[in-house]
Amino acid sequence: MEHVTFHNEENAFCVLRVKARGQRDLITVLGHAAMISAGEFVQASGAWQNDRTHGVQFRASFLKAMPPTTTEGIEKYLDSGMSSRMGR
């Protein structure tokens, strides 16, 4: 995942910008995740929708974040501050 655009800690709703297989540009993913951070891998299932204001988005009915394994992902993860929040 490249960027967390929005995350509501109360209801876990999030808007993500993600690199996806088979897609040249970043895609927008809407879903719910308790904790999410840039650099993590995201597994999602759901459906594409075309929002009048925001364009084509993927609305995830299932969203799972997994720790990064690449150097780039780990750097983004550490820069996001997520590693310091894990101890809460």
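Residues numbered from 1 in each chain as written. Predicted model: local features only at pLDDT ≥ 70, side-chain atom pairs only at ≥ 80, totals over all residues. Heavy atoms only, no water.

**Let's talk about the sheet that holds strand 5 (residues 55-66)**
Operational definition: Two strands are counted as paired when DSSP detects at least two bridges linking them. Under the DSSP-based scheme used, a helix requires at least four consecutive residues in state H or I and a strand at least two consecutive residues in state E, with every element numbered from the N terminus. Geometry is summarised by axes, namely lines fitted to C-alpha atoms with helices restricted to the contacting stretch, and by angles between N-to-C directions that run from 0 to 180 degrees.
Taking strand neighbours across the sheet as the criterion, the five strands line up as 1-2-3-5-4 in an open arrangement whose pairing is mixed. At either end of the open sheet lies a strand with only one pairing partner, and these are strand 1 (3-7) and strand 4 (41-51). Within this sheet the neighbouring strands show an average axis-to-axis angle of 30°, counted without direction. Judged from the six bridges that link them, strand 2 (residues 13-18) and strand 3 (residues 27-32) form a sheet pairing that is antiparallel. Bridging from a neighbouring strand, Phe13 pairs with His32 of strand 3.

**A word on the packing of aromatic side chains**
Quick reminder of the rule: Each Phe, Tyr or Trp ring (for Trp, its six-membered ring) is paired with any other whose centre lies within 6.5 Å, and the angle between the two planes then decides the class: stacked below 30 degrees, edge-to-face above 60, tilted in between. With a 1.4 Å probe rolled over the protein chains alone, any residue whose accessible area is under 20% of its type maximum counts as buried; one over 50% counts as exposed, and the rest are partly exposed.
Under the definition given, this model contains two aromatic pairs. Consider the rings of Phe6 and Phe13, whose centres lie 6.2 Å apart with planes at 50°: the pair is tilted. Phe6 gets classed as partly exposed once you look at its relative accessible area, which sits at 39%.

**Notes on unusual backbone geometry**
Positive phi, normally seen in glycine, also occurs at Ala12, with a value near 70°. With respect to the secondary-structure elements, Ala12 resides in the loop between strand 1 and strand 2. The buried category is assigned to Ala12, whose relative accessible area is 16%.

**Digging into the nonpolar core**
Where we set the bar: Here, nonpolar core means buried Ala, Val, Leu, Ile, Met, Phe, Trp, Tyr and Cys residues that are tied together by side-chain atoms lying within 4.5 Å of each other. A contact between two residues is defined here by any heavy atoms of the two lying within 4.5 Å.
Counting eleven residues, the largest nonpolar core consists of Met1, Cys14, Leu16, Val18, Ile27, Val29, Ala33, Ile36, Phe58, Ala60 and Leu63. Among the elements of the structure, strand 2, strand 3 and strand 5 are those that each provide at least two residues to this core. Ignoring anything within four residues of it in the chain, the contact list for Ala33 reads His7, Ala12, Cys14 and Leu63.

**Some thoughts on the pattern of salt bridges**
Stated formally: A side-chain nitrogen of Lys or Arg and a carboxyl oxygen of Asp or Glu constitute a salt bridge if their distance falls within 4 Å.
Taken as a whole, this structure holds two salt bridges when the rule is applied. Here Lys19 and Glu2 are joined by a salt bridge, their closest N and O atoms 3.7 Å apart. One end of the pair, Lys19, is in the loop between strand 2 and strand 3; the other, Glu2, is in the segment before strand 1, with 17 residues separating them in the sequence. When the shortest N-O distance is used, the salt bridge between Asp25 and Arg24 registers 3.8 Å. Arg24 gets classed as exposed once you look at its relative accessible area, which sits at 79%.

What is shown is where atoms sit, not what they do.
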